[in-house]
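Coordinate inspection notes
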Amino acid sequence: MNAAWFGLIGVVVGGLISTVWGWLSVIRQELADALVGARLVDDDLARLEMGSDGGEAGHQPLPTAQTWAENRVALAKVLGFRQWNTVSAVYRRSDPSSAHTWSGRDQELSAAREALAPLAAGKRHVLGQRWHNMFGPHTDD
């Protein structure tokens, strides 16, 4: 009878280890995808900052919609609420009709790059943030 209990405990512990390992593998892949996405989006934002010469608003470069479309899902999985809103705000204002009314462009670009900086720097810099995003309190402020 004791052998049966040990066998059952072994199966439960093995299943638990397998589940945790699979979960960590998924998180690692999400972080890797988000790291690549953050670097590509940050590069796009850097291009915008360099093109922002204080000239006429209609002649300033716009964010690359394709870069955002290809990487926003990966970033949404990893970025915190405030970080996401800061970065996505730049792309929400990216249609040509709103380029003339985009005030505070330089501040938004700078804030978006700052929000992406920990993730673009590497995965180890964002692990604490990812943990907080998954299990910490969620606030909308």
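As a convention, each chain's residues are numbered from 1 in the sequence order in which they are written. Per-residue local features of the predicted model are confined to residues with pLDDT of at least 70, and side-chain atom pairs are confined, for both listing and counting, to 80 or more; whole-chain, interface and lining totals are unaffected and use all residues. Side-chain descriptors were evaluated using all non-hydrogen atoms of the structure, hydrogens and water having been removed beforehand.

Across its full length, the protein holds five helices and zero strands. We count a stretch as a helix when DSSP gives it H or I for four or more residues in a row; a strand needs E for two or more, and each element gets its number in order from the N terminus. Going from the N terminus to the C terminus, the protein shows its helices and strands as α-α-α-α-α. Split into buried and exposed, the 141 residues of the protein put 33% on the buried side. Sequence separation of at least 24 residues holds for 75% of the intrachain contacts in the protein that already meet a minimum separation of 6. Looking at the protein as shown, the accessible area adds up to about 9,000 Å², and 60% of this sits on carbon and sulfur atoms. Buried, partly exposed and exposed residues are distinguished by accessible area as a fraction of the type maximum, computed with a 1.4 Å probe on protein chains only: under 20%, between the cut-offs, and over 50%, respectively. Contact between two residues is taken to exist if any of their heavy atoms lie within 4.5 Å; hydrogens are not considered. In these tables, accessible area is a Shrake-Rupley quantity obtained with a 1.4 Å probe, and a residue counts as shielded only by the protein chains included in the view.

Bringing the packing of helix H1 (residues 2–51) against helix H4 (residues 105–121) into the picture now. Between H1 and H4, whose axes approach to 9 Å, the crossing angle comes to 155°. It follows that H1 is roughly antiparallel to H4 by the angle criterion. Viewed along their axes, H1 and H4 form a crossing whose handedness is left-handed. Residues Ala34, Leu35, Ala38, Arg39, Val41, Asp42, Leu45, Ala46, Leu48 and Glu49 of H1 form the contact with H4, whose participating residues are Arg105, Leu109, Ser110, Ala112, Arg113, Leu116, Leu119, Ala120 and Ala121. In this classification, Asp, Glu, Lys and Arg are treated as charged, Ala, Val, Leu, Ile, Met, Phe, Trp, Tyr, Cys and Pro as nonpolar, and every other residue, Gly included, as polar. A breakdown of the residues in the contact of H1 with H4 according to their chemical character gives 13 nonpolar, one polar and five charged. An axis is simply a line fitted to the C-alpha atoms; with a helix, the fit covers only the stretch in contact. Between two such axes, the angle follows the N-to-C directions and lies from 0 to 180 degrees. Convention used here: angles under 35 degrees read as roughly parallel, angles over 145 as roughly antiparallel, angles from 65 to 115 as roughly perpendicular, and any remaining angle as oblique. In a left-handed crossing the near helix is turned counterclockwise from the far helix by less than a right angle, and in a right-handed crossing that turn is clockwise.

This part takes up the pattern of salt bridges. By definition, a salt bridge exists where a carboxyl oxygen of Asp or Glu is found within 4 Å of a side-chain nitrogen of Lys or Arg. Per the stated rule, a full pass over the model turns up three salt bridges. Residues arginine 113 and aspartate 42 are paired through a salt bridge, measuring 2.8 Å at the closest nitrogen-oxygen approach. Taken as a pair, arginine 113 in helix H4 and aspartate 42 in helix H1 lie far apart in primary sequence, 71 residues in all. Here aspartate 42 falls in the buried class, since its relative accessible area comes to 15%. Put simply, aspartate 44 and arginine 47 hold a salt bridge, and the shortest N to O gap is 2.8 Å. On the criterion of helical spacing, the pair formed by aspartate 44 and arginine 47 is a turn pair, its members being three residues apart in helix H1.

With that settled, the discussion passes to the confidence of the model for the protein. Here pLDDT means the predictor's own confidence in every residue, given as a number from 0 to 100. Of the residues in the protein, 74% have a pLDDT of 70 or more, and the chain-wide mean is 81. No element of the protein has a lower mean pLDDT than helix H5 (residues 127–135), which averages 66, and none a higher one than helix H2 (residues 65–78), which averages 92.

How far a helix is expected to stretch is found by multiplying one less than its residue total by 1.5 Å. Over its 14 residues, H2 runs 20 Å from end to end, which matches the ideal 20 Å to within 8%, given 1.5 Å per residue. What the bend at a residue measures is the angle between two axes, fitted to the seven residues ending there and to the seven starting there. Approximately 50° is the largest bend angle found in H2, and it occurs at arginine 72. All buried positions along H2 are accounted for by Thr67, Trp68, Asn71, Ala74, Leu75 and Val78.

Note on aromatic pairs: the rings of Phe, Tyr and Trp (six-membered ring only in Trp) are paired at centre separations within 6.5 Å, and the planes decide the class, stacked below 30 degrees, edge-to-face beyond 60, tilted for the rest. If you walk through the whole model with that rule in mind, you get two aromatic pairs. Judged by centre distance (4.5 Å) and plane angle (5°), the ring pair of tryptophan 68 and tyrosine 91 falls under stacked. Here the residue tryptophan 68 occupies a position in helix H2, and tyrosine 91 occupies one in helix H3 (residues 81–92), the gap between them amounting to 23 residues. In this pair, the class of tryptophan 68 matches that of tyrosine 91, namely buried. Grouped by ring-pair contacts, the aromatic residues Trp68, Trp84 and Tyr91 constitute a single cluster.

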